[in-house]
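A structural walkthrough
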Amino acid sequence: MTNQKPTATCRLKQDYMRLKRDPVPYITAEPLPSNILEWHYVIKGPEDSLYYGGYYHGTLLFTKEFPFKPPSIYMTTPNGRFKTNKRLCLSISDFHPDTWNPAWSVATILTGLLSFMLETTPTMGSCETTPYEKRRYAQQSLEFNMKNEVFQELFPEICEEINERLQKIEEQRKQAAATAEDGSNGKESTSGDTETTDGGVFVAGRSGADDSNIWHSLYTNLIVLVGFVVFALIVHYVIKSMNI
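What counts and what doesn't
Residues numbered from 1 in each chain as written. Predicted model: local features only at pLDDT ≥ 70, side-chain atom pairs only at ≥ 80, totals over all residues. Heavy atoms only, no water. Helix = DSSP H or I, 4+ residues; strand = E, 2+ residues; numbered from the N terminus. Buried < 20%, exposed > 50% of the residue type's maximum accessible area, 1.4 Å probe, protein only. Contact = heavy atoms within 4.5 Å. Areas by Shrake-Rupley, 256 points an atom, 1.4 Å probe, with all protein chains shown as cover. Axes fitted to C-alpha atoms, helices over the stretch in contact; angles between N-to-C directions. Parallel < 35°, antiparallel > 145°, perpendicular 65-115°, else oblique. Left-handed = near helix turned anticlockwise from the far one by under 90°. Nonpolar A, V, L, I, M, F, W, Y, C, P; charged D, E, K, R; others polar. Salt bridge = Lys/Arg side-chain N within 4 Å of Asp/Glu carboxyl O. pLDDT = per-residue confidence, 0-100. Phe/Tyr/Trp six-rings, centres within 6.5 Å; stacked < 30°, edge-to-face > 60°. Lys NZ or Arg CZ within 6 Å of the ring centre and 35° of its normal. Pairing = 2+ DSSP bridges. Core = buried A, V, L, I, M, F, W, Y, C linked by side-chain atoms within 4.5 Å.

A tally of helices and strands in the chain yields six helices and six strands. In sequence order, the chain lays out its α and β elements as α-β-β-β-β-α-α-α-α-β-β-α. Scored against the burial criterion, the 244 residues of the chain give a buried share of 32%. Contacts in the chain between residues at least 24 apart in sequence constitute 53% of all its contacts with a sequence separation of at least 6. Taken as a whole, the chain presents about 15,900 Å² of accessible surface, with 57% of it coming from carbon and sulfur.

Written out as structure tokens, the structure is:
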């Protein structure tokens, strides 16, 4: 009698090989080396979305009955769309075994998760945030993920990308600080732009200089007006004297 490997293990190994051959856009996934039933994924925010620039880490927990039963899906990185460390109620998760299709693979699950993330349809485990908050979460995801040891272990290439971005952000902050210091010392600055924490750009105000220019212009115009009035009075007096 031969020993057969559990169906879940065989199927997940096949799915892993397929993912390596045909990667899913914006998604990377790896099973734990010690437990193939626990997968970790990273979603990169698509360019045309509010999540652009963010890296979103989460887990898929499969049962031994996979592919006949769906996995539990969790999001670990704060993102503004799904609550963290909560089971997500999706048609591809264990919340809806009645809609599950055993033909669906890990790639199918992750593609569906990204699709749900880009929507705004409410569901159990989702949350509502403003576009500004989602962009802030995207920026904050860099440092958040780098504090996770499992993330660093499973996704070393993504960690390199994040470290490079963090270095660039730090360099930009130092340049902005140097520019601000030069301005406070009375030196003329070529730019007063500073990168904000959410990846935006803050343009330093120059209201003091602008107000000074406005008052100077008003004062000049007032002097010209007074001079014109005085001149008109003198001309009027002269003409009146000649008519006498």
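This next bit is on unusual backbone geometry. In this model, Phe 66 is joined to Pro 67 through a cis peptide bond whose omega is 15 degrees. Mapping Pro 67 onto the fold places it in the loop between β3 (55–61) and β4 (72–75). Phi is positive for Tyr 26, close to 70 degrees, though the residue is something other than glycine. As for its placement among the helices and strands, Tyr 26 is situated in the loop between α1 (7–21) and β1 (27–32). We note that Asn 85 has phi near 60 degrees; this positive angle belongs to a residue other than glycine. Looking at where Asn 85 falls in the secondary structure, it is placed in the loop between β4 and α2 (106–118).

The subject of this paragraph is the packing of helix α3 (residues 131–146) against helix α5 (residues 156–184). Where α3 meets α5, the axes come as close as 10 Å, and the angle between the chain directions of the two elements is 125 degrees. Our classification of the angle between α3 and α5 gives oblique. Here α3 runs over α5; the crossing is left-handed. Of the residues in α5, those in contact with Gln 139, Leu 142, Glu 143 and Met 146 of α3 are Cys 159, Ile 162, Asn 163, Arg 165, Leu 166 and Ile 169. The class makeup of the residues in the contact of α3 with α5 is six nonpolar, two polar and two charged.

Enumeration according to the criterion identifies five salt bridges in this entry. In this structure, Glu 30 engages Lys 20 in a salt bridge whose closest nitrogen and oxygen atoms are separated by 2.7 Å. In this pair, Glu 30 is assigned in strand β1 and Lys 20 in helix α1, connecting sequence segments 10 residues apart. Given a relative accessible area of 44%, Lys 20 falls into the partly exposed group. One network of salt bridges, with partners in common, ties together Arg 11, Asp 15 and Arg 18.

A word on the confidence of the model for the chain. Low pLDDT means the predicted atomic positions in that stretch should not be read closely. Mean pLDDT for the chain: 84, with 74% of residues reaching 70 or above. Here residues 188–213 is modelled with pLDDT under 50, and outside its nearest four sequence neighbours on either side it reaches 26 contacts, counting other chains as well.

Scanning all chains against the criterion turns up seven aromatic pairs. Pairing Tyr 51 with Tyr 56 gives two aromatic rings, centres 5.8 Å apart and planes at 90 degrees, and the pair type is edge-to-face. By the burial criterion, Tyr 51 is buried, and Tyr 56 matches it. Through a chain of ring-to-ring contacts, the aromatic side chains of Tyr 16, Trp 39, Phe 62, Phe 66, Trp 100 and Trp 104 assemble into a single cluster. Positioned above the aromatic ring of Phe 95 is the side chain of Arg 87, whose terminal nitrogen or guanidinium carbon lies 4.3 Å from the ring centre.

Bringing the sheet that holds strand β2 (residues 35–44) into the picture now. Here four strands make up an open sheet; going across it, the order is β1-β2-β3-β4 and the pairing antiparallel. One side of each edge strand has no neighbouring strand; the edge strands of this open sheet are β1 and β4. Each strand of the sheet is rotated relative to its neighbour by a mean of 25 degrees, with strand direction disregarded. Bridging between β1 and β2 involves six bridges; their strand directions are antiparallel. Its bridge partner lying in β2, Thr 28 is registered against Val 42.

To continue, consider the nonpolar core. Membership of the largest hydrophobic core comes to 29 residues, with the highest contact counts inside it found for Tyr 41, Leu 60, Phe 62, Ile 73 and Leu 113. Taken together, the elements giving at least two residues each to this core come down to α1, β1, β2, β3, β4 and α2.

What follows concerns the environment of Pro 46. The topology assignment puts Pro 46 in the loop between β2 and β3. The buried category is assigned to Pro 46, whose relative accessible area is 4%. Along the sequence, Pro 46 and Tyr 26 sit 20 residues apart, while their C-alpha atoms lie 6.7 Å from each other. Excluding residues that lie within four positions of it along the chain, Pro 46 makes contacts with Tyr 26, Tyr 52, Leu 114 and Leu 118.

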